[in-house]
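Next come the chains, spelled out residue by residue.
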Amino acid sequence: MMRRAIKRARRAEGRVEPNPMVGCVITQRGRVIGEGHHQRFGGPHAEVHALRSCKASPRGATVYVTLEPCAHFGKTPPCLDALLAAKVGRVVIGVLDPNPQVAGKSVRRMRREGIEVDVGVCEEEARELAAPYLTRENLRRPYVIAKWAQTLDGKLATHTGDSKWISGEASRKLVHKLRARVDAIIVGSRTVLADDPELTARDVTIKRIAHRVVLDGRLRTPESCKLVKSARQTPTILFTSRDRAAGLKARRLTKHGVQVVPVGARTDRLSPRACLRELYRRDMTNVVLEGGAAMLNSFFHRKLVDEAWVFTAPLFVGDERVPGSVTGRRPKLLGDALRPRLVEVETLDADTLHRLRFDTTSNGA
């Protein structure tokens, strides 16, 4: 039943953030009498939808919910109150909510009211579902998905910088689906100068409009590039140093609709962590990192990558002058190597996608 609730919750991916995806299933004597999920930001939560859908009285029923029910007034009343009013008999929770306004309060209240409560059922799967929300709550930054396409020998481009296209059409369509559900797409100025990308989702269902974000400490982004020319149609943020943000070029970019944001000290070296915290302050939950090797390494080095989508194409570059995708790590032993958890392997025509998750909860970001 918890897995059924998790599966239902995923229907709202890209539509509820910065709230978490949550699913709920209600049973009487092992039979499902109601179910629901949080469908959109600002709308009723999963428990309310499930209670409203009940075909029989939920009195004494068992409620399976992926995240601890909320105990506070937000955009909607507390789900805890709805469950107490329905006089359910048992509540099974996937993972506790770290939000200080909840954080076990619902569990304690329900137990005081005589409701049986079980916590941690399918906990790993529930945590994976809620990972972007948990990252925001625990680390005060968005959940970072690093995406790149590489050859079989780990190259992102040739020595001339040519990278179009390493991956095939099926892989690129999946990337557009990813872009269509996140809050931001992040690149560095090198990518803007080399590829002049649009960084938009095309030919897919758009669940939310992603901000295009450029990390550009030296303010090299040209006014003639596609990102600047379309900044009034698609929100575009450019992070740069405080000195550069106060200059003439920054003012010209602002006139094109670009949001020029100073970050960190008066130097050209930007702090990835500071940039992420600024995106967090703008209520962003999921961001995709689409930069080149230098940016990938900068985020990996600081343990700021939560998930990676690695598209590997059956190509060999075979050029020792070209660095690999994740360089800079020099472990003496294999046991010290970066070892993410494999979530999924998918074949996309000739390409192979590896979805990986990293433990970033202890990095203090």
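Just so we're clear, the structure is a prediction, and the values are computed from it rather than from any experiment.

*Asks:* Mind showing me how you'd approach the pairing of strand β11 (residues 286-289) here?
*Replies:* A regular strand carries its side chains on alternate faces of the sheet. By the alternation rule, side chains of β11 split into N286 and V288 and V287 and L289, which are all buried. Here strand β6 (residues 143-151) runs beside β11; their pairing, made up of four bridges, is parallel. Counterpart to A146 in the pairing with β11 is L289. As judged from the three bridges shared by strand β7 (residues 184-188) and β11, these two strands associate in the parallel manner. Among the inter-strand pairings, I186 is bridged to a residue of β11, identified as L289.

*Asks:* What am I meant to see in unusual backbone geometry here?
*Replies:* Most of the time, phi is negative for any residue but glycine, and the peptide bond is trans. The omega angle of the peptide bond from E17 to P18 is 10 degrees, so this bond is cis rather than trans. Within the secondary structure, P18 sits in the loop between α1 (2-9) and β1 (23-28). We note that R29 has phi near 50 degrees; this positive angle belongs to a residue other than glycine. Residues other than glycine seldom take positive phi values, yet L199 does so here, at roughly 55 degrees. Structurally, the position occupied by L199 is in the loop between α7 (189-195) and β8 (211-215).

*Asks:* Please explain the side chain of T151 as it appears in this structure.
*Replies:* If you trace the backbone, T151 turns up in strand β6. T151 gets classed as buried once you look at its relative accessible area, which sits at 2%. Among the polar contacts made by the side chain of T151, one reaches the side chain of D153 at a distance of 2.4 Å. Contacts of T151, omitting those with residues within four sequence positions, involve I166, T312, A313, L315 and V317.

About the thresholds
- Residues numbered from 1 in each chain as written.
- Predicted model: local features only at pLDDT ≥ 70, side-chain atom pairs only at ≥ 80, totals over all residues.
- Heavy atoms only, no water.
- Buried < 20%, exposed > 50% of the residue type's maximum accessible area, 1.4 Å probe, protein only.
- Helix = DSSP H or I, 4+ residues; strand = E, 2+ residues; numbered from the N terminus.
- Pairing = 2+ DSSP bridges.
- Polar contact = N/O pair within 3.5 Å; in protein donor to acceptor, adjacent residues only side chain to side chain.
- Contact = heavy atoms within 4.5 Å.

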